[in-house]
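The primary structure of each chain is shown beneath.
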Amino acid sequence: MKAISRRAALAGLGATALALNGSRARAASKYSPGVTDTEIKLGTTAPYSGPASSYGIYGQAQTAYFKMINDNGGINGRKINLISLDNAFSPPKAVEQTRKLVESDEVFAIAGFLGTAANAAVQKYLNGKKVPNLFLTSGAERFNDPKEYPWIIPFYPLYVAQGAALGAYVLKEKPNAKIAVQYLNDDLGKDFLRGFKKGLGDKASQIVKEVSHEITEPSIDNQVADCKAAGADVFVQLTYSKFAAQGIRKVAALGWKPLHIVNSNCSSVGGTLAPAGLDNAKGLVSASWEAIATDPNYRDKPRIRAFVDFMKQYMPMVTLDDTTATPGYNNAYMIEQVLRRCGNDLTRENLLKQATSLRDEQPPLFLDGIKVGNSSTDYRAIHNIQITRFDGANWMPHGDKIDLNNIAS
């Protein structure tokens, strides 16, 4: 009996010690809303319906990525619960859904979503609530404002800088060009246009036609015809995929042969060029910093093969040449990295600190030689892009990589 009592006493002491150790471990952990010992709850929205529903694939990629992470054990022993709601690419809907995520679902942070207008609509609200909007996908300058909006963290090359790079390219390729520009009448289109003119410098006077459109317009065919009629030999579209595809088709139908340039948002082979006709898109110029899984120069790299395996398992209905999934995948990857670095200090303050102190990070779907870095006083993370030309099957590099910090200075 004494032996049994002794063993029971020792077992009791052991259980007490384990309980104390567990209590100490939990006490050492620091949590904000949305975090427990077993879960990290994130929220986001995406255009699963509405005029830009093709970009819903971005949100699907985020969800699929975190499912993959959970299938492999989660992050520091916690599973990721990502709640992804439809914003219909409507700013009021984005506000409504984001409020639900923060106030009803009580998420830890927002997994940054795609779209300038939608992110602008929630910028003040999230900042006021001190809820991080992690690595949102928009290059509008308004989001790089750590002094006024420290909780809004962009992850995309600034549209102004990208536009300046395209303007400099036109000067180099066709210094006496007659230029027509067709752009979307929102922050994206206006920022790209401002940068493009900055890149042209005093040659901005060579723009012979400048026309804008709304995202709700069904067609921009008449605008394309007007640009041709203006005598332009360079045609620049600064818009979204749907309208770029229309422009590519209309240029071909008109028998027009300008130097045709589209902004980076419209460079998806599957999402933009295939609907427009790959033959029609041959010779098209754009810019990129992300690798394409079907590119023969990249498809054998381990990080690209891992992405291909991910797509086959988690997003089998999306083709590899539809690169709309790419920024969603990179976004989720970067969120994973900062969450891992937080350890058990899962406070929003520490998450902000980790997300704004990136150093030479290499997202898996970035071009070789392009890394990211930011600071608490400058949230710009991507500093280089590559001008590319479409050869009828793939985007090929055209010239050296461009330092955006210099081109837009």
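Scroll up a little and you will see the structure.
In this text, all values refer to a predicted model and were calculated from it rather than measured experimentally.

Regarding the overall build of the chain
The helix and strand tally for the chain stands at 14 helices and 15 strands. Seen along its three principal axes, the alpha-carbon backbone of the chain occupies a region of about 105 × 45 × 35 Å. A fraction of 69% describes how many contacts in the chain between residues 6 or more apart in sequence connect residues 24 or more apart. For the chain, the computed accessible surface area is about 17200 Å², with 50% contributed by carbon and sulfur atoms. In the chain, which carries 47 positive and 39 negative side-chain charges, the distance between the mean positions of the two groups comes to 6 Å.

Things to note about helix H5 (residues 159–173)
For H5, with 15 residues, the first-to-last C-alpha span of 21 Å sits near the 21 Å given by 1.5 Å per residue. Of all the 15 residues making up H5, 11 are buried; the element is thus mostly covered by neighbouring parts of the structure. Where H5 is concerned, the buried positions are Tyr159, Val160, Ala161, Gln162, Gly163, Ala164, Ala165, Leu166, Gly167, Tyr169 and Val170.

Digging into the packing of helix H3 (residues 91–104) against helix H4 (residues 116–129)
Packing of H3 against H4 brings their axes to within 8 Å, and their N-to-C directions diverge by 30°. The two elements H3 and H4 meet at a crossing, and its hand is right-handed. Residues Pro91, Ala94, Val95, Thr98, Arg99, Val102 and Glu103 of H3 form the contact with H4, whose participating residues are Ala117, Ala118, Ala121, Val122, Tyr125, Leu126 and Lys129. The class makeup of the residues in the contact of H3 with H4 is 10 nonpolar, 1 polar and 3 charged.

Some details on helix H11 (residues 302–314)
Here H11 contains 13 residues, and its C-alpha end-to-end distance of 18 Å stays within 8% of the 18 Å for a straight helix at 1.5 Å per residue. Along H11, the residues that are buried comprise Ile304, Phe307, Val308, Phe310, Met311 and Tyr314. Around the axis of H11, the buried residues are gathered within 160° of arc, so they sit on the same side. Exposed residues pointing more than 90 degrees away from the buried face of H11 are listed as Pro302, Lys312 and Gln313. Buried positions along H11 lie against helix H2 (56–71) and helix H12 (325–342).

Reading the values: rules and limits
- Residues numbered from 1 in each chain as written.
- Predicted model: local features only at pLDDT ≥ 70, side-chain atom pairs only at ≥ 80, totals over all residues.
- Heavy atoms only, no water.
- Helix = DSSP H or I, 4+ residues; strand = E, 2+ residues; numbered from the N terminus.
- Contact = heavy atoms within 4.5 Å.
- Areas by Shrake-Rupley, 256 points an atom, 1.4 Å probe, with all protein chains shown as cover.
- Lys, Arg positive; Asp, Glu negative; His and termini not counted.
- Charge placed at Lys NZ, Arg CZ, Asp CG, Glu CD.
- Expected span 1.5 Å × (residues − 1).
- Buried < 20%, exposed > 50% of the residue type's maximum accessible area, 1.4 Å probe, protein only.
- Axes fitted to C-alpha atoms, helices over the stretch in contact; angles between N-to-C directions.
- Left-handed = near helix turned anticlockwise from the far one by under 90°.
- Nonpolar A, V, L, I, M, F, W, Y, C, P; charged D, E, K, R; others polar.
- Arc of directions from axis to C-beta.

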